[in-house]
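One-letter residues, chain by chain:
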Amino acid sequence: MTDFDESPHVSNPKSGGIAARAIAARGRQAPNYLDGLNPEQRAAVETTEGPVLVLAGAGTGKTRVLTTRIAHILATGRAWPSQILAVTFTNKAAREMKARIGLLVGGEVEGMPWLGTFHSIGVKILRKHAELVGLKSNFTILDTDDQIRLIKQLIQAENLDDKRWPARTFANMLDGWKNKGLEPKQIPEGDSRAFAGKGRDLYAAYQERLRTLNACDFGDLLMHPIAIFRAHPDVLADYHRRFRYILVDEYQDTNTAQYLWLRLLAQRPGKDNEQAPVNICCVGDDDQSIYGWRGAEVDNILRFDKEFSTATVIRLERNYRSTGHILGAASHLIGHNEDRLGKTLFTDHPDPEDPKVEVNAGWDSEEEARAIGEAIEDLQRRENHNLNDMAILVRASFQMRTFEDRFVTMGLNYRVIGGPRFYERMEIRDTLAYFRCVCQPADDLAFERIVNTPKRGLGDATIRLLHEYARERQIPLIPAALEIVETEELKPKPRNALRRVVLDMKRWSELLPSTKHTELAEQILEESGYTEMWQNDRSAEAPGRLENLKELIRSMEEYESLPSFLEHVALVMDTEQNAEMDAVSIMTLHSAKGLEFDTVFLPGWEEGLFPHQRALDEGGRSGLEEERRLAYVGITRAKRRAKIWFVSNRRIHGLWQSTIPSRFLDELPDAHVDVMEANTSYGGYGAGGFGGYGASRWDGAAAFNEGAYRTPGWKRAQAAKASQGGGDGWSGGRTREITYESDQTSGFSGRFTADGAERQGRASRGHNQPPRRGLGLYSSAKRGGPREIEGELVAKSVAEHESAFSKGDRVFHLKFGNGTVALVDGNKLTVDFDKAGQKRVLEGFLESI
DNA sequence: GTACGGAGAGGTAAG
DNA sequence: CTCTCCGTAC
């Protein structure tokens, strides 16, 4: 608060190194940070006063505008760094902004204390004024895990059946309410009737419980500040005075609570106050609004100019990222949406030589992963591309696993972004729970988590007694435990165990001020027996978990103290992964927003997955439009190459399901799209029934034995296919000859026109099957060689195939057991299994008996 | 009180 | 398929 009311023009060497440097930089070499901005960007940077809405399409230099704008404000002496509020949605975006401002201004960035996510800024405000909402400033931030456990307790306390009323469901409702900024008394009647009529009561009870725990959840980080601003105009006025400039990134993703929060900060009351005008600048893209499901209101961006009548609206449409084909494909796709402000991206450098957007088909998700893996190796080896320049963007996180499995076998470096996160691992949470107990004796949830981890003989019975004891005296569990161990309430064995652990905690707490936090952390892990627990664990994961614990301690070095580390952990759930490593990124489309890659792979474009069924069911048309925006986001992440995939079979909930291509594929424009044909091992399937199997034999024995064909998934796929009745709409093996001919004449280029693809897509949809595929060409960088040759070989191998089995033979199958061959069709057999019934299986999986 | 196994349920996206 | 819950055996 030192520079709170100082004029930024006053020279003050101690405050805001950035501003000083920015001003110095301006002196030295004019404002060269403005160089290279186009007129719209420059307007967005230089219109510093009054409300500004920047509609920035994908790749139009949005971040550049934001960061340059901040640099400009600093360099022209309009404000100190501490007088600028800059909000982002993700920690990553915040980090990037800091780094880029640093580059503009030259040197390290310090002193932008109010640049961060909504949540991190919210927590900062709340720590200052916690007592105004009945919290202490050292409150804990609950993670989802704690939240669920707490809700479960409340549901049980209300005598509700927690099967019928799952805590998870309530947590989602809670989230919804808080996203809308609703307090218990404000929730809609319908919602309050939920949970057997106890919806509202549970919400109120939950908040009450949080207060006694001195805790809050993510939603409260916005709700509490809003409540404080409303109830305490003096506090709000302080912030009004402080924040001379407000900047908001990804404005299209703000939810109602965030909107209310911003509005309170931005709209200054009274006519004759002499405060600074409302200098708020919101940057967003309605076409990239993809968080409707978690409460984002596109409406916020649409009503911006109503809210701020003097608003300047600036559109950025000149795209610097992608090729003309990528922009063309993305624009055409998003043009199918009705609810949009309508922007048209364009590039100054369209080049017909640029690769078109590719659409690829595959047999199942495992093949998809394999083919994408090969495409990546191709680019890497043949074109010398860095893995860092490539990304796989999936719709749902379960898709990631297939890729991980495949890349591990291939030995291909990858990194998962936003996947199962470091801080969500069991051992990390356990450890953090210990730390929380030490820093905050009122943290009952943390205490419950680890009282009996490692096992100390403190089971349900003991904990229930402790709970009762604590409840009667209205004190948290740890102090209660300290007392109860001095009484006769507990049997000697649990009493001693409890005494030991709780005295340990007390001792660690006392060491807190005097001991270096990393040393204390190690001491806690050692003395609690937690490390030992994993050392004695014989399971395969144990060594990894111990590694993670070491990593945790290492990462603590950067923080001053245990409490400050804990706060970091609560808010920043993503850890920096070793960025030096060259690796392909795997992430969801949602977490890809704001990023760009030279090459982007977009797998899983199938109805039900993308667009996601649930989005369609729950969101109707607007749900579909949001999915389409997600597709738009995906394509526009690519600078040069976008490669879309769909497959015919995908495992969902462990069951193989046949799928049909996404409608979005039909919405891509012919002119910018190439439909690739069967650049994979399976491709022959469409041609020769199970010709894919035949093709795979050219993959060499090793690949066959280790590869996907041996996986249960492949077998299941075959089985599922077979049980569906085999040949069906695909014409199975019966169309063999047709496709060979046609493809051979086309020179095995494996390429249809985009027009052809459209026809394929539609035709296939008609009979609920994937497009019929031409000859599958097996090609791979590893083997190289002319495709033609392989193509012929494949063709021959299938065409001339003679089964080693004939009708009536007794056979054995690894999965289905013994059976009798009922029908032979090339290398594809129908077998009556003694136990499993009739199945269609590949000859390769059968043994003679 | 704990360890194990079987049954059953559930599974978009993120801070 | 994977996770959680619950009953049973120790």
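Residues numbered from 1 in each chain as written. Chains lettered and ligands numbered in written order. Predicted model: local features only at pLDDT ≥ 70, side-chain atom pairs only at ≥ 80, totals over all residues. Heavy atoms only, no water.

Going by what an unreviewed UniProt entry lists, chain A is known as DNA 3'-5' helicase and is assigned to Fulvimarina pelagi HTCC2506. The UniProt entry for chain A carries the following comment under Sequence similarities (unreviewed entry): "Belongs to the helicase family. UvrD subfamily." Note on chain A: under the UniProt heading Function (unreviewed entry), the record states "Has both ATPase and helicase activities. Unwinds DNA duplexes with 3' to 5' polarity with respect to the bound strand and initiates unwinding most effectively when a single-stranded region is present. Involved in the post-incision events of nucleotide excision repair and methyl-directed mismatch repair." (UniProt positions renumbered as here; feature names shortened; annotations may be inferred.)

J.: Please clarify how the environment of L465 should be interpreted in this entry.
T.: Structurally, L465 can be placed in helix 21 (residues 460-473). Residue L465 is classed as partly exposed on the basis of its relative accessible area, which comes to 35%. Measuring from C-alpha to C-alpha, the distance between L465 and A86 comes to 49 Å, with 379 residues separating the pair along the chain. Non-local contacts of L465, meaning those with residues more than four positions away in its chain, are made with I484, E489 and L490. (Helix = DSSP H or I, 4+ residues; strand = E, 2+ residues; numbered from the N terminus. Buried < 20%, exposed > 50% of the residue type's maximum accessible area, 1.4 Å probe, protein only. Contact = heavy atoms within 4.5 Å.)

J.: Can you help me understand the pattern of salt bridges in this one?
T.: Where charged atoms from two side chains of opposite charge approach closely, those side chains can pair. Using the criterion set out here, one finds 59 salt bridges in the structure. In this structure, the salt-bridge partner of R640 is D354, at a minimum N-O distance of 3.0 Å. Of this pair, R640 sits in strand 14 (residues 638-652) while D354 sits in the loop between helix 16 (324-334) and strand 9 (357-364), and the two are 286 residues apart along the sequence. For D354, a relative accessible area of 9% puts it in the buried group. Of the charged contacts, one joins D378 and R382 as a salt bridge, the two residues approaching to 3.0 Å between their closest N and O atoms. (Salt bridge = Lys/Arg side-chain N within 4 Å of Asp/Glu carboxyl O.)

J.: Would you take a moment to explain helix 24 (residues 517-527) for this structure?
T.: The α-helix advances 3.6 residues per turn, and as a result positions three or four apart in sequence lie on the same side. The set of residues buried in helix 24 consists of H517, T518, L520, A521, I524 and L525. Projection of helix 24 onto a plane perpendicular to its axis shows the buried side chains occupying an angular sector of 160 degrees, all on one side. On the buried face of helix 24, the contacting elements are helix 19 (426-439), helix 23 (492-511), helix 25 (530-535), helix 26 (542-556) and helix 27 (562-571). Following helix 24 by one or two positions, G529 has its phi on the positive side, about 85 degrees. (Arc of directions from axis to C-beta.)

J.: In this structure, what is going on with the packing of aromatic side chains? I would like to understand it.
T.: Any two aromatic rings considered together are summarised by their centre-to-centre distance and by the angle between their planes. Scanning the entire structure with this criterion turns up 22 aromatic pairs. Here the aromatic rings of F89 and F118 are separated by 5.3 Å at their centres, their planes lie at 65 degrees, and the arrangement is edge-to-face. Of this pair, F89 sits in the loop between strand 2 (84-88) and helix 4 (91-105) while F118 sits in helix 5 (residues 118-129), and the two are 29 residues apart along the sequence. With respect to class, F89 is no different from F118; both count as buried. Taking 6.1 Å as the distance between ring centres and 55 degrees as the angle between the ring planes, the aromatic pair formed by F407 and Y414 counts as tilted. Residue classification places F407 among the buried positions, given a relative accessible area of 1%. Of the residues examined, Y414 reaches a relative accessible area of 21% and is grouped as partly exposed. An aromatic cluster is built from W165, F170, W177, F195 and Y203, whose rings are joined through pairwise contacts. The ring of W114 has K124 sitting right over it, with the charged end atom 5.0 Å from the ring centre. (Phe/Tyr/Trp six-rings, centres within 6.5 Å; stacked < 30°, edge-to-face > 60°. Lys NZ or Arg CZ within 6 Å of the ring centre and 35° of its normal.)

J.: Any chance you could explain the sheet that holds strand 6 (residues 245-248) here in plain terms?
T.: Here six strands make up an open sheet; going across it, the order is 3-2-6-7-1-8 and the pairing parallel. Lying at the two open borders of the sheet, with one neighbouring strand each, are strand 3 (115-117) and strand 8 (312-316). Neighbouring strand axes in the sheet, compared pairwise and without regard to direction, differ in orientation by 15 degrees on average. As judged from the three bridges shared by strand 2 and strand 3, these two strands associate in the parallel manner. Directly across from T88, in strand 3, lies its bridge partner T117. Against the sheet, helix 2 (residues 39-46) engages strand 1 (52-56) and strand 8, with an angle of about 145 degrees to strand 8. (Pairing = 2+ DSSP bridges. Axes fitted to C-alpha atoms, helices over the stretch in contact; angles between N-to-C directions.)

J.: I tried to follow helix 5 on my own but got confused; where do I start?
T.: For helix 5, with twelve residues, the first-to-last C-alpha span of 17 Å sits near the 16 Å given by 1.5 Å per residue. Buried within helix 5 are the following residues: F118, I121, G122, V123, I125, L126 and H129. (Expected span 1.5 Å × (residues − 1).)

J.: It is not clear to me how the confidence of the model for chain A should be interpreted in this structure. Could you clarify?
T.: As a general rule, the predicted coordinates of low-pLDDT regions are not to be interpreted in detail. Mean pLDDT over chain A works out to 77, with 75% of the residues at or above the 70 mark. Low pLDDT, under 50, characterises residues 1-16; the stretch is placed with 29 contacts to residues that sit more than four places away or in other chains. Counted against residues more than four places away or in other chains, residues 679-801, with its pLDDT under 50, gives 232 contacts. (pLDDT = per-residue confidence, 0-100.)

J.: For this particular structure, what's the right way to read the UniProt feature "binding site: ATP" (unreviewed entry) in chain A?
T.: Listed under "binding site: ATP" (unreviewed entry) in the UniProt record, and renumbered for this structure, are A56, G57, A58, G59, T60, G61, K62 and T63. By the secondary structure assignment, A56 is in strand 1. Classification of A56 by relative accessible area gives buried; the value is 2%. Beyond its immediate stretch of four places on either side in the chain, A56 contacts K62, V283, G284, D285, Q288, L316 and K343. Within the secondary structure layout, K62 lies in helix 3 (residues 62-75). The exposure class of K62 is buried, given its relative accessible area of 15%. K62 has contacts with A56, D249, E250 and V283, leaving out every residue within four places of it along the chain.

J.: For this particular structure, what's the right way to read the domain arrangement of chain A?
T.: Interface size is commonly expressed as the accessible surface area that is lost when the partners come together. What the domain assignment lists for chain A is domain 1 (27-133 + 221-317), domain 2 (139-212), domain 3 (328-412 + 581-673), domain 4 (420-552) and domain 5 (807-846). For domain 1 versus domain 2, the distance between C-alpha centres works out to 32 Å. Taken together, the 15 residues of domain 1 in the interface contact eleven residues of domain 2. Between domain 1 and domain 2, the buried area comes to about 980 Å², and carbon and sulfur atoms account for 59% of it. Where domain 1 touches domain 2, the interface holds zero salt bridges. For the pair domain 1 and domain 2, the interface holds six residue pairs in polar contact (both at pLDDT 80 or more). Secondary structure elements with two or more residues in the side of domain 1 that touches domain 2: helix 5, helix 11 (220-231) and helix 13 (256-266). With four residues, the top contributor of residues to the side of domain 1 that touches domain 2 is helix 11. When its residues are assigned to classes, the side of domain 1 that touches domain 2 shows nine nonpolar, four polar and two charged. (Domains from an automatic or database assignment. Buried area = accessible area lost by both parts, 1.4 Å probe. Polar contact = N/O pair within 3.5 Å; in protein donor to acceptor, adjacent residues only side chain to side chain. Nonpolar A, V, L, I, M, F, W, Y, C, P; charged D, E, K, R; others polar.)

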